[in-house]
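Close look at the chain arrangement
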Amino acid sequence: MSQDKNRVIVFDTTLRDGEQSPGASMNIEEKLQVARQLARLNIDVIEAGFPIASDGDFEAVKRVASEIKGGPSIAGLARAVNADVDRAGEALKGAEKPRIHTFIATSDVHLEHKLRMTREEVLERAVAAVKRAKQYCDDVEFSPEDASRSDIDYLCAVVEAVIEAGAGTVNIPDTVGYSTPQEFGALIGALKSRVPNIDRAVISVHCHNDLGLAVANTLSALQNGARQVECTINGIGERAGNAALEEIVMALRTRPDLYSLSTDIVTEEITRTSRMVSEITGMVVQPNKAIVGANAFAHEAGIHQHGILANRRTYEIMTPESVGIREHKLVLGKHSGRHAFDQRLKQMGYELSKEDLDRSFRRFKELADKKKDVYDEDLEAIVSDETHSIPEIYALQHLNVMSSLDGLPAASIRLKNGDTTKQAAAIGVGCVDSVYKTIDEMIDEEHKLVDYVVRAVTGGTDSIAEVTVKVSDGSNIYTGRAATLDVVLSSARAYLQAINKLVYYQQKRTGKREGGTV
Ligand code: KIV
Ligand code: ZN
C-alpha cells in the first residue's frame, strides 16, 4: 500500500479484540451501529471480527462488509490455516475494500507449548496463509503473534518471507503487553533496518496494556518507522485492554512538534464514539481516563479555573471542542414534530428503521412533556434505549415501589412472560434492591447481578438516569441498559433487558429458539 510517509493508518479493532473483553460482547445490530460510527470517525481499517470463531462473528463481518461503503477497508481475522482464511474470504466478499488479517505465533514459548510446531513449520504456514489470502483479496496483513517475545533473527526471517509472499502490512503485536517504549521502538527500528524488503510493506503495531504502556509503546513504534496503529475505542480489549485510539490520535495531534505525523481521524467524533461504545458494551469509562473520561476537561482547583478564565492555554493542551465535547445544547422541545426529530437524529448520524424511529419518537414526546429542555445527550440515551434487538421474554407490566425514612423499602411487580403473567412483592435494603429481589422471585433461569452503574445523562435532578447492568449465567455475561427519567424504573428495565438477553441466548444455544440476530 503506497502512502504519504507522515500519515498514520488507523486500524480499529474494537469489534474484534475489543469485543473479546469479558462482558463486552455485542450483537450484530450493535456491531453495525459501532461500525457506522467508526466510518464517521473516518477510520482507515475496521477489523469487524474473526469469521471462523462463530456463525455470529461470520454474519457480523459479512454485514459490516456489505453495509459500510465508501470509506474504510474492512478486515477479517484468520489464523494461518486454510479453513480460517477461506471463511474470512467468504465473509468479506461484499466489501468494497476487503483485507484479510492472518496470524500465527512466532515466540518459542508459543511454538513449544501452544502450537507444538518447529520454527520452520510456522514460517511455512505463515507464507502459505498469506498466499491463500491473496487469492481472495489484494490487501493482506500478517501478524507474528507475541512478536515482542520472539527471537529477533527468526522474527526478521518470518517478516521477510511474508512480505515476499505478498503481505502489504506486517503487524507487530506486543500480545501480552510485556514490552516497554524504548525496547518496542528498538524492535521496530531493528525490523526496519534488518529486513531487506521491509519497504514493500507498511509496519503496523498492536499493543496490549498489561503494564499500562500500550499507548506509549505505540507512539515509540511510530517514532521508529511504524505507520499503522491498531487500537480500540476507550482502550477496551483482552485483559487490561488494547492501546486507546483516542489517546494515540490526540497525542499525534497535540504534539506535531514531536511526531510530525498525522491521521485522517475526525477527532470531533471521538466523544460520541466513546459514549456509544461504552453504552453498547456496558464498559464504563473511568472518570479520569485521558481524552474521554468525564473529568478529562474539568478544571476543579481554583487556581486552575482562574488561569483558564484568563487564557485557556494556561491549563488546556487541547480544546474540549476538538474531541467533540459540546455545551449541553438545547435541540428540541415539546412542540417539535416528527420531522424535526428525524432530521436531528440524521444530523447526529443515526439511521433508524421505521419501527425504531416510531418508538424513539414516542419516547421523545413523553420526555418532552415531563422535561422542559431536551438535549442531544437525551436523544442519544433514548435511541440507545429503544434500538436493542432482543425480544422482551419477560416484559414489565406494573411496578410499584415504596420507601420511607423509617420503613423498609418494598416493591411489587407484575411481569408478562409469554402467555402467563407473574407477580411478586419483596422488601430490600433500598428501592433498587427491593425491585431486583422481586424480579428474582419471578425468573426461573439462573442469573447473578455482577455490575450496576447509574449515570445522569445531563446535569440537574430532571436528568435522564441511564442504568447499565451486567448479569452472569456462570459462563457468559450479558449487558442490559435503560434510560428513563426515573432511576428505579431505569434500574428495573435494565435488569430485565440483561435477563432477557441471557434467556434469549440460552434458548438459542439449546435450540429452543431459531433465527433472530445474535
Ligand atoms: O494481540 C494479538 O497478538 C492479536 C493478534 C491476533 C494480532 O490480537
Ligand atoms: Zn490483540
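Residues numbered from 1 in each chain as written. Chains lettered and ligands numbered in written order. Predicted model: local features only at pLDDT ≥ 70, side-chain atom pairs only at ≥ 80, totals over all residues. Heavy atoms only, no water.

Our focus in this paragraph is the overall build of the chain. The helix and strand inventory of the chain stands at 17 helices and 16 strands. Compactness check: the chain gives a C-alpha radius of gyration of 25 Å against a globular reference of 24 Å for 518 residues, within 12% of the reference. For the chain, the C-alpha atoms occupy an extent of roughly 75 × 65 × 45 Å along the three principal directions. Looking at the 518 residues of the chain, the share that counts as buried comes to 55%. Sequence separation of at least 24 residues holds for 66% of the intrachain contacts in the chain that already meet a minimum separation of 6. Carbon and sulfur atoms provide 50% of the accessible area of the chain, an area that totals close to 22,600 Å². Averaging the locations of the 62 positively and 76 negatively charged side chains of the chain gives two centres separated by 3 Å. (Helix = DSSP H or I, 4+ residues; strand = E, 2+ residues; numbered from the N terminus. Rg over C-alpha atoms; globule rule 2.2 N^0.38 Å. Buried < 20%, exposed > 50% of the residue type's maximum accessible area, 1.4 Å probe, protein only. Contact = heavy atoms within 4.5 Å. Areas by Shrake-Rupley, 256 points an atom, 1.4 Å probe, with all protein chains shown as cover. Lys, Arg positive; Asp, Glu negative; His and termini not counted. Charge placed at Lys NZ, Arg CZ, Asp CG, Glu CD.)

The next subject is the site of ligand 1. The environment of ligand 1 is made up of Arg16, Asp17, His101, Phe103, Ser143, Glu145, Asn171, Pro173, Thr175, His206 and His208. Contact between ligand 1 and Arg16: an oxygen atom at 3.0 Å from a side-chain N or O atom of the residue. Within the side chain of His208, an N or O atom sits 3.0 Å from an oxygen atom of ligand 1. Taken by itself ligand 1 offers 260 Å² of open surface, and the protein chains cover 93% of this. Looking at the shell around ligand 1, the elements that each hand over two or more residues are strand E4 (98-105), strand E5 (139-145) and strand E6 (169-174). In terms of residue class, the shell around ligand 1 is built from 2 nonpolar, 6 polar and 3 charged. (Near = heavy atom within 4 Å. Polar contact = N/O pair within 3.5 Å; in protein donor to acceptor, adjacent residues only side chain to side chain. Nonpolar A, V, L, I, M, F, W, Y, C, P; charged D, E, K, R; others polar.)

Mapped onto the fold, Val162 is located in helix H6 (residues 152-165). Considering only alpha carbons, one finds Val162 and Pro287, 125 residues apart in sequence, at a separation of 43 Å. Non-local contacts of Val162, meaning those with residues more than four positions away in its chain, are made with Ala126, Val127, Val130, Phe142, Ala167 and Val170.

Next up on the list: helix H3 (residues 82-91). Within the sequence span of H3, burial applies to Asp84, Val85, Ala88, Gly89 and Ala91. Viewed end-on, H3 has its buried residues packed into an arc of 165 degrees, placing them on one side of the element. Elements that come into contact with the buried residues of H3 comprise helix H2 (55-67), strand E3 (73-79), E4 and helix H5 (119-134). (Arc of directions from axis to C-beta.)

One non-glycine residue, Arg239, lies in the positive phi region at around 50 degrees. Examined against the element boundaries, Arg239 turns out to sit in the loop between strand E8 (228-231) and helix H9 (245-254).

A word on the nonpolar core. Core analysis: the biggest nonpolar cluster contains 112 residues, and Ile74, Val159, Ile172, Val205 and Phe364 have the highest contact counts within it. For this core, the element with the highest residue contribution is H6, accounting for 9 residues. With 28 residues, the next largest nonpolar core counts Ile443, Val467, Leu502 and Tyr504 among its residues. (Core = buried A, V, L, I, M, F, W, Y, C linked by side-chain atoms within 4.5 Å.)

To continue, consider the coordination of the zinc ion (ligand 2). For the zinc ion (ligand 2), the full set of protein donor atoms is Asp17 (OD), His206 (NE2) and His208 (NE2), and the range of their distances to it is 2.0 to 2.1 Å. Here the donor residues of the zinc ion (ligand 2) are spaced in sequence according to D-x188-H-x1-H. Both residues of the pair, His206 and His208, belong to the buried class. (Donors = N, O, S within 2.8 Å, 3.2 Å for Na, K, Ca; no water.)

Here we come to the domain arrangement of the chain. Annotation of the chain at the domain level lists domain 1 (9-281), domain 2 (296-325), domain 3 (330-386) and domain 4 (395-510). Spacing between the C-alpha centres of domain 2 and domain 3 amounts to 31 Å. (Domains from an automatic or database assignment.)

Moving on to the sheet that holds strand E13 (residues 420-427). Ordered by their spatial adjacency, 3 strands build an open sheet running E11-E12-E13, and the pairing between neighbours is antiparallel. The sheet is open, and its two borders are formed by strand E11 (394-402) and E13, each paired with just one other strand. For this sheet, the mean inter-axis angle between neighbouring strands, taken without regard to orientation, is 15 degrees. Pairing geometry for E11 and strand E12 (residues 410-417), over 8 bridges, is antiparallel. Considered in E12, the bridge of Asn400 is made with Ser412. Where helix H16 (residues 431-442) meets the sheet, its contacts fall on E11, E12 and E13, and the angle it forms with E13 comes to roughly 140 degrees. (Pairing = 2+ DSSP bridges. Axes fitted to C-alpha atoms, helices over the stretch in contact; angles between N-to-C directions.)

Attention shifts here to the packing of aromatic side chains. Enumeration over the complete set of coordinates arrives at 8 aromatic pairs. Between the aromatic rings of Phe341 and Phe364, the centroid separation amounts to 5.1 Å while the plane-to-plane angle is 20 degrees, which identifies the pairing as stacked. Of this pair, Phe341 sits in helix H13 (residues 338-347) while Phe364 sits in helix H14 (residues 354-370), and the two are 23 residues apart along the sequence. On the basis of relative accessible area, Phe341 is assigned to the buried category, the value being 1%. Classification of Phe364 by relative accessible area gives buried; the value is 0%. A centroid spacing of 6.0 Å and a plane angle of 35 degrees characterise the contact between Phe361 and Phe364, whose relative ring orientation is tilted. (Phe/Tyr/Trp six-rings, centres within 6.5 Å; stacked < 30°, edge-to-face > 60°.)

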